[in-house]
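So the chains spell out like this:
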Amino acid sequence: MAHSEQQVYDVAIVGSGAGGGMAAYALTKAGARVVMLEAGPAWYASKNSTMILPAYATPGRGRSTRNREFGEHDACDGGFEIEGEPYTRAPGTRFDWWRGRMLGGRTNHWGRISLRFGPRDFKGKTHDGLGDDWPIGYQDIAPYYDRIDDLIGVFGSNEGLENHPDGRFHPAPKPRCYELLVKKASDKLGITCIPSRLSIITKPLPGRQACHYCGQCNRGCSVKANFSSPDVLIAPALATGKLTLITEAMAREVTVGRDGLATGVSYVHKPSGEDRHVRAKVVVLAASALESARLLLNSKSSQFPQGLANGSGTVGRYITDTTGTDVSGFIPAMVDHVPHNEDGVGGMHVYMPWWLDNAKLDFPRGYHIEVWGGLGQPSYGFGGGIQRYPNVAGYGKKLKEDYRKYYGATIGFSGRGEMIPNDKSYAEIDPTVVDQWGIPVLRFHWEWSDHEINQSKHMQETFRKLIAEMGGTVFSGMPTKEQQYGLAPGGRIIHELGGARMGTDPKTSVLNADCQAHDCKNLFIADGAPFVSQADKNPTWTILALAWRTADAITAQRKAGAI
């Protein structure tokens with residue numbers, strides 16, 4: 001029997017990433033007494049980051065570890081495979097599920113690419129008949145984009161591009177040498193190339209210093225120049241005295257009363273293995289899109305035999321991931337470069353938003369292009385594949401000279417595009433497998449359609465044209481149709497969305513336009529699960545804006561006595 005606290009909080013939030021942190025910030029500022037459950041330990045970049053530690057200072061030289069597959073100095077604990085926390089895949093399909101397990105979740109590991117969805121992204125079906133429209137439009141969420149621009153900070157440039165809304169930007173850093181080459185080639189090929197938009201401040205904000213361009217954003221920023229939920233949202237929420245934070249708490253299910261309303265959340269206290277329970281008048285799930293769907297499906301009762309808020313049978317359905325493929329090339333113009341200062345943020349200074357008309361192409365939605373290369377700090381694996389460069393042979397002094405000669409002579413491109421939801425991609429509860437705490441796990445079904453495969457072909461062809469325009473050579477051959485033109489497996493881009501989508505019809509959606517469950521009025525979701533569709537933009541800025549909007553809806557309904 002679970003141990004239950006006597007205190008009844010106003011709101012219980014499951015998850016501390018972008019959505020959970022934003023909801024906690026907004027709700028505590030509005031006066032609510034909030035309890036937050038986080039499956040991992042506490043971690044603050046301002047206290048725990050290894051931002052300025054050289055890679056050579058540790059025996060691993062920065063290579064990946066079991067808990068940090070993006071490198072031992074990367075800020076985020078988690079991965080596609082977590083001991084004791086399995087998931088399964090339907091035969092013949094592949095979906096890889098990445099999970100963060102620490103305070104702040106994935107906000108400790110991301111590129112901080114912070115793009116607003118555009119007006120068309122909310123009304124895709126209206127434009128091309130595919131997928132579904134959102135129950136809200138850009139005008140409904142624009143004020144919240146403005147608020148998070150001001151609170152969190154984002155650099156960029158106002159361009160006036162169709163479907164790529166501008167924002168309240170900090171000044172963008174100038175392009176580095178290799179990015180100037182990319183810009184020149186893009187202009188020649190008619191590809192829009194503009195300053196990137198990253199949530200890294202270039203002017204100080206209260207309690208936070210401006211970026212000093214050490215380039216180690218992935219390690220977490222000790223001066224709080226880049227955004228992570230613990231330092232920018234949760235710490236201010238704790239400072240109100242209204243937030244109770246419980247870490248190492250693995251949520252098991254949302255509990256409900258005889259009236260069908262949520263009464264709180266049961267969870268496993270990981271250090272002791274005890275089952276515990278927190279009571280609350282309102283429950284907000286922000287555990288990440290698919291973890292929140294799992295919680296709903298596992299929250300079965302006599303009132304909700306299919307799982308909580310699943311009267312439509314659509315929990316776990318309409319899930320998507322960003323499409324992705326990559327190409328890199330050797331650029332002779334960068335060989336034996338003149339030593340120069342390439343300081344900057346830990347990410348690209350330029351990017352390419354979608355620039356074409358899909359009506360003239362064989363795929364319906366667009367993608368943006370991310371750029372990589374330059375003179376980053378060498379670490380484990382540096383210079384791998386150097387034998388592919390011209391006239392490289394031998395070892396010793398000659399090999400060291402070649403490493404220096406070709407350092408920074410590679411430029412790469414990554415496409416990140418929109419997937420259309422389909423009936424063959426969904427998650428359900430596996431009927432036989434449980435995790436180490438006995439909680440049933442998810443089983444994934446996945447299939448890319450020709451929409452995404454043809455889009456990946458276009459990415460590959462475009463990236464190869466860019467490298468050719470720079471006078472470069474691509475080392476890898478063009479992937480075939482049978483190889484889906486290099487399209488990454490589902491889940492690999494770590495942008496999974498959907499699983500509890502918004503809508504106006506309770507028969508086809510889980511949530512209403514306020515991200516409030518149709519079937520349970522004091523249950524809300526504040527992560528990527530409510531998304532009706534992807535876009536050719538990274539989702540974090542929209543998760544934040546939606547979460548703040550949802551928090552305001554909760555505050556308004558509490559004041560009105562509706563919940």
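Looking at an unreviewed UniProt entry, one finds the protein chain named GMC family oxidoreductase, with Roseisolibacter agri as its source organism. Note on the protein chain: under the UniProt heading Sequence similarities (unreviewed entry), the record states "Belongs to the GMC oxidoreductase family." Its UniProt record gives the protein chain the following Cofactor (unreviewed entry) comment, quoted word for word: "FAD".

Engineer: Describe the overall build of the protein chain, with residues and values.
Structural biologist: The helix and strand tally for the protein chain stands at 10 helices and 18 strands. Relative to the 2.2 N^0.38 estimate, which gives 24 Å for 563 residues, the radius of gyration of the protein chain is 23 Å and therefore close to what a compact globule would have. Here the protein chain, with 563 residues, has 57% of them falling under the buried criterion. Taking the intrachain contacts of the protein chain between residues at least 6 apart in sequence as the baseline, contacts between residues at least 24 apart amount to 71%. Surface exposure of the protein chain reaches about 22,300 Å², of which carbon and sulfur atoms provide 50%. Separation between the mean location of the 62 positive side-chain charges and that of the 59 negative ones in the protein chain comes to 3 Å.

Engineer: Report on helix H6 (residues 229-239), specifying residues and quantitative values.
Structural biologist: Among the residues making up H6, those that are buried are Ser229, Pro230, Asp231, Val232, Leu233, Ile234 and Ala237. Among the structural elements, helix H1 (18-29), strand E2 (34-37), helix H2 (45-48), helix H4 (138-152), strand E7 (243-246) and helix H10 (540-559) are those in contact with the buried residues of H6. Trailing H6 by a residue or two, Gly241 shows a phi angle of about 80 degrees, which is positive.

Engineer: Explain the UniProt feature "domain: Glucose-methanol-choline oxidoreductase C-terminal" (unreviewed entry) in the protein chain residue by residue, including any values.
Structural biologist: UniProt's entry tags residues 427-547 with the feature "domain: Glucose-methanol-choline oxidoreductase C-terminal" (unreviewed entry), counted in the numbering of this structure. Between the first and last C-alpha atoms of residues 427-547 the distance is 23 Å; the span itself is 23% helix and 16% strand.

Engineer: So what's going on with the UniProt feature "domain: Glucose-methanol-choline oxidoreductase N-terminal" (unreviewed entry) in the protein chain? Residues and values would help.
Structural biologist: Here, the residues flagged by UniProt with the feature "domain: Glucose-methanol-choline oxidoreductase N-terminal" (unreviewed entry) are residues 99-299. Taken end to end, residues 99-299 has its terminal C-alpha atoms 21 Å apart, with 27% of it in helix and 18% in strand.

Engineer: Talk me through the state of the cysteines; I want residue IDs and the actual numbers.
Structural biologist: Enumeration over the complete set of coordinates arrives at 0 disulfides. Note on Cys211: no disulfide assigned, nearest cysteine sulfur contributed by Cys217 at a separation of 5.7 Å. No disulfide involves Cys520; its sulfur sits 15 Å from the nearest other cysteine sulfur, which is in Cys515. On the basis of relative accessible area, Cys520 is assigned to the buried category, the value being 1%.

Engineer: Provide a residue-level description of the side chain of Thr550, including the pertinent values.
Structural biologist: Along the chain, the position of Thr550 falls in helix H10. You can call Thr550 buried: its relative accessible area is 2%.

Engineer: Kindly report on the sheet that holds strand E15 (residues 426-434), identifying the contributing residues and their values.
Structural biologist: If you trace the 3 strands from one edge of the open sheet to the other, you get E4-E16-E15, paired in mixed fashion. If you trace the sheet from one side to the other, it starts and ends with strand E4 (88-89) and E15, each paired once. In this structure, E15 lies alongside strand E16 (residues 440-445), joined through 5 bridges in antiparallel fashion. Paired with Glu428 across the two strands is Arg443, which belongs to E16. Contacting E15 and E16, helix H7 (residues 289-298) runs over the sheet at an angle of about 120 degrees to E16.

Engineer: Account for the packing of H1 against H10, with residues named and values stated.
Structural biologist: Each pair of packed helices gets described by two things: the angle between the helix axes and the distance between those axes. One way to put it is that H1 packs onto H10 with a least axis distance of 8 Å and a crossing angle of 35 degrees. Along this stretch, H1 crosses H10, giving a crossing that reads as right-handed. Note on element contacts: H10 touches H1 through Thr540, Ile543, Leu544, Ala547, Trp548, Ala551, Ile554 and Thr555, opposite Ala18, Gly19, Met22, Ala23, Tyr25, Ala26 and Leu27. Its residues assigned to classes, the contact of H1 with H10 shows 12 nonpolar, 3 polar and no charged.

Engineer: How would you explain the environment of Asp527 if you had to name every residue and give the values?
Structural biologist: Counting through the fold element by element, Asp527 comes out in the loop between strand E18 (523-525) and H10. For the pair Asp527 and Ser292, spaced 235 residues apart in sequence, the C-alpha separation works out to 8.2 Å. If near-sequence neighbours (up to four positions away) are discounted, Asp527 is found in contact with Leu285, Ala286, Ala287, Ser288, Ala289, Ser292 and Ile543. Within polar-contact distance, the side chain of Asp527 engages the backbone nitrogen of Ala287 at 3.2 Å. A polar atom in the side chain of Asp527 sits 3.1 Å from the backbone nitrogen of Ser288.

Engineer: Give me the lowdown on the environment of Glu428, citing residues and values where you can.
Structural biologist: Note that Glu428 resides in strand E15. The class for Glu428 is partly exposed, based on a relative accessible area of 22%. Along the sequence, Glu428 and His445 sit 17 residues apart, while their C-alpha atoms lie 8.4 Å from each other. The contact partners of Glu428, leaving out residues within four places of it in the chain, are Leu297, Val441, Leu442, Arg443 and His445. Within the local environment of Glu428, its side chain forms a polar contact with the side chain of His445, the two groups lying 2.8 Å apart.

Engineer: Could you give an account of the pattern of salt bridges, naming the residues involved and the relevant values?
Structural biologist: On inspection of all chains with the given rule, the structure shows 38 salt bridges. Arg116 is the partner of Asp149 in a salt bridge, and the nearest nitrogen-oxygen pair spans 2.6 Å. Here Asp149 is found in helix H4, whereas its partner Arg116 is found in the loop between strand E5 (99-100) and helix H3 (124-128), with 33 residues between them in sequence. Classification of Asp149 as buried rests on a relative accessible area of 2%. Residue Arg116 is classed as buried on the basis of its relative accessible area, which comes to 7%. Measuring nitrogen to oxygen at the nearest pair gives 3.9 Å for the salt bridge that ties Asp514 to Arg549. Of this pair, Asp514 sits in the loop between strand E17 (473-474) and E18 while Arg549 sits in helix H10, placing them 35 residues apart in sequence. Arg549 sits in the buried class, given a relative accessible area of 15%. One salt-bridge network, in which partners are shared between bridges, spans Glu81, Arg89, Arg94, Asp96 and Arg492.

Engineer: Account for unusual backbone geometry, with residues named and values stated.
Structural biologist: Residues other than glycine seldom take positive phi values, yet Arg112 does so here, at roughly 60 degrees. Judged by relative accessible area, which is 1%, Arg112 ranks as buried.

Conventions and cut-offs
Residues numbered from 1 in each chain as written. Predicted model: local features only at pLDDT ≥ 70, side-chain atom pairs only at ≥ 80, totals over all residues. Heavy atoms only, no water. UniProt positions renumbered as here; feature names shortened; annotations may be inferred. Helix = DSSP H or I, 4+ residues; strand = E, 2+ residues; numbered from the N terminus. Rg over C-alpha atoms; globule rule 2.2 N^0.38 Å. Buried < 20%, exposed > 50% of the residue type's maximum accessible area, 1.4 Å probe, protein only. Contact = heavy atoms within 4.5 Å. Areas by Shrake-Rupley, 256 points an atom, 1.4 Å probe, with all protein chains shown as cover. Lys, Arg positive; Asp, Glu negative; His and termini not counted. Charge placed at Lys NZ, Arg CZ, Asp CG, Glu CD. Disulfide = S-S within 2.5 Å. Pairing = 2+ DSSP bridges. Axes fitted to C-alpha atoms, helices over the stretch in contact; angles between N-to-C directions. Left-handed = near helix turned anticlockwise from the far one by under 90°. Nonpolar A, V, L, I, M, F, W, Y, C, P; charged D, E, K, R; others polar. Polar contact = N/O pair within 3.5 Å; in protein donor to acceptor, adjacent residues only side chain to side chain. Salt bridge = Lys/Arg side-chain N within 4 Å of Asp/Glu carboxyl O.

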